Amino acid sequence: MSESSATSGGQVRVWRPAWACPAARVLRLHKRGGGDPTYRIDGERHWRGIRTPEGPATLLVHPRPGLGGVHAEAWGPGASWALESVPAMLGADDDWSGFEPRHPVVAEARRLHPDLRLGRTGLVMEALVPAILEQKVTGQEAFAGFRMLVHRFGERAPGPGEQLRLWVQPPPERLRAIASWEWLQLHVDPQRSRTLVTAARVADALERTATLAPEEADRRLRTLPGIGVWTSAEVRQRAHGDPDAVSFGDYHVAKDVGWALTGEPFDDEAMAAYLEPWRPHRGRVPMLLGAAGLHRPRRGARMAPRTHLPSRVTRP
């Protein structure tokens with residue numbers, strides 16, 4: 001149930017989900033590191049700079065469970081589209097039918113988080129660009145590259161986004177025009193920059209995968225050179241709301257799942273075999289374990305970031 005209206009500051013929507021929607025937890029999946037320029041958290045209010053099919057928008061999502069709803073407000077050419085997307089973004093389309101916990105640890109995590117759902121933005125390039133930047137590098141380097149890319153080639157989000165220093169990712173045509181030496185300034189090596197430019201060239205086709213069945217969306221995403229199992233899963237978790245998407249190839253996921261469920265870390269092959277009985281809900285298992293804070297102790301040394309690439313760019 002929702003109510004929509006327009007104010008002098010922007011368009012407003014109050015959405016009342018039929019469950020105790022943990023909006024903040026669902027939204028945080030879209031935040032790329034502590035300094036993500038497209039995402040701001042102000043108390044209980046979550047601000048996002050997004051590029052919709054109708055243009056850029058600033059979206060404010062303010063969970064207000066005490067008032068029985070989620071308050072959303074949006075500004076810019078894409079405001080209407082952004083507000084329309086709020087229920088799906090917070091999990092209204094997610095269907096847990098057929099999911100069986102199968103393991104006492106998973107059952108307990110589900111009991112503790114009965115209202116957790118997987119959101120769906122429908123914005124493929126928004127999820128794909130940072131996922132490509134995160135391929136085979138440390139989080140520190142990936143997040144820094146994303147910040148520099150957005151600051152140099154993106155744009156300020158409309159409305160209050162300007163005062164909040166909120167940004168919107170660059171559009172595909174801007175990505176296609178970035179020179180090879182500029183990618184290096186952003187700490188993006190030739191392999192990842194080629195993948196980004198290739199994806200930008202077929203951005204319209206990639207966006208259409210948001211309406212496809214998960215298996216077909218996965219197949220089409222992975223036809224692009226440089227997009228493999230991990231990248232496809234990271235995109236489908238966010239843009240498609242695919243409950244079967246598992247981030248095989250991730251540095252932590254298999255180890256954490258194995259530790260939580262068996263007491264011993266898995267590799268990808270072992271995790272794939274163990275999760276198979278949960279198909280087509282395999283992705284819900286790591287999601288629930290993560291929500292419950294179940295991960296192996298972090299005792300090892302952290303991977304050091306590479307230092308041979310330039311570390312600064314001039315912001316406009």
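In case you missed it, the structure is sitting above this.
Residues numbered from 1 in each chain as written. Predicted model: local features only at pLDDT ≥ 70, side-chain atom pairs only at ≥ 80, totals over all residues. Heavy atoms only, no water.

S.K.: Give a detailed account of the overall build of the chain, specifying residues and quantitative values.
M.R.: Of regular secondary structure, the chain possesses 14 helices and 8 strands. Evaluated residue by residue, the chain yields a buried proportion of 52% over its 316 residues. Relative to all contacts within the chain whose residues are 6 or more apart in sequence, the contacts with residues 24 or more apart total 65%. On the chain, roughly 14900 Å² of surface is accessible, and the fraction owed to carbon and sulfur atoms is 52%. (Helix = DSSP H or I, 4+ residues; strand = E, 2+ residues; numbered from the N terminus. Buried < 20%, exposed > 50% of the residue type's maximum accessible area, 1.4 Å probe, protein only. Contact = heavy atoms within 4.5 Å. Areas by Shrake-Rupley, 256 points an atom, 1.4 Å probe, with all protein chains shown as cover.)

S.K.: Could you give me a rundown of the environment of K31, with the residues and numbers involved?
M.R.: Locating K31 in the fold gives a position in the loop between α1 (23-27) and β3 (39-42). Once the C-alpha coordinates of K31 and I41 are considered, the two residues, 10 residues apart in sequence, prove to be 9.8 Å apart. Reaching out from K31, the side chain makes a polar contact with the backbone oxygen of G34 at a distance of 3.5 Å. (Polar contact = N/O pair within 3.5 Å; in protein donor to acceptor, adjacent residues only side chain to side chain.)

S.K.: Give a detailed account of the pattern of salt bridges, specifying residues and quantitative values.
M.R.: Close approach of charged atoms allows side chains of opposite charge to pair. Evaluation of the coordinates by the stated rule reveals 22 salt bridges. One salt bridge connects E216 with R220, and the closest N-O pair in it is separated by 2.7 Å. One end of the pair, E216, and the other, R220, are both in helix α10 (residues 214-221), 4 residues apart, so they sit about a helical turn from each other. Relative accessible area serves as the criterion here: at 24%, E216 is assigned to the partly exposed category. A residue is classified by how much of its surface remains accessible, and R220, at 39% relative accessible area, is partly exposed. R222 is paired through a salt bridge with D218; the nearest N and O atoms lie 3.0 Å apart. Several salt bridges converge on common partners, so that one network encompasses D218, R222, R236 and D242. (Salt bridge = Lys/Arg side-chain N within 4 Å of Asp/Glu carboxyl O.)

S.K.: Kindly report on the nonpolar core, identifying the contributing residues and their values.
M.R.: Counting residues in hydrophobic clusters, the biggest one holds 32 residues, and the most contacted among them are M125, L128, L149, L175, W183, L206 and V235. Of all elements in the fold, only α4 (124-133), α5 (139-153), α8 (190-201), α9 (203-208) and α11 (229-240) reach the threshold of two or more residues within this core. Looking at which element gives the most residues to this core, the answer is α4, with 8 residues. What L149 contacts, discounting residues up to four positions off in sequence, is V129, L133, G154, P170, L175, I178, W183 and L186. (Core = buried A, V, L, I, M, F, W, Y, C linked by side-chain atoms within 4.5 Å.)

S.K.: Now, about helix α14 (residues 284-291): what can you tell me, with residues and values included?
M.R.: Residues R284, V285, L288, L289 and A291 constitute the buried set of α14. Taken around the axis of α14, the buried residues stretch over an arc of 160°, which confines them to a single face. Looking at the buried side of α14, the elements it contacts are α1, α3 (104-112), α12 (253-262) and α13 (268-275). Looking one or two residues beyond α14, the residue adopting positive phi is G293, at roughly 75°. (Arc of directions from axis to C-beta.)

S.K.: Describe in detail the side chain of D218, supporting the description with residues and values.
M.R.: Tracing the sequence through the fold places D218 in helix α10. Within polar-contact distance, the side chain of D218 engages the side chain of R222 at 3.0 Å. If sequence neighbours within four positions are ignored, D218 has contacts with S232 and R236.

S.K.: For the environment of L59, give the residues involved together with the corresponding values.
M.R.: Tracing the backbone through its elements, the reader meets L59 in strand β5 (residues 55-64). A relative accessible area of 0% means that L59 is categorised as buried. Measuring from C-alpha to C-alpha, the distance between L59 and P160 comes to 9.7 Å, with 101 residues separating the pair along the chain. The contact partners of L59, leaving out residues within four places of it in the chain, are H46, W47, R48, E73, A74, A82, L83, V86 and M89.

Keep in mind these numbers describe shape, not what the thing actually does.
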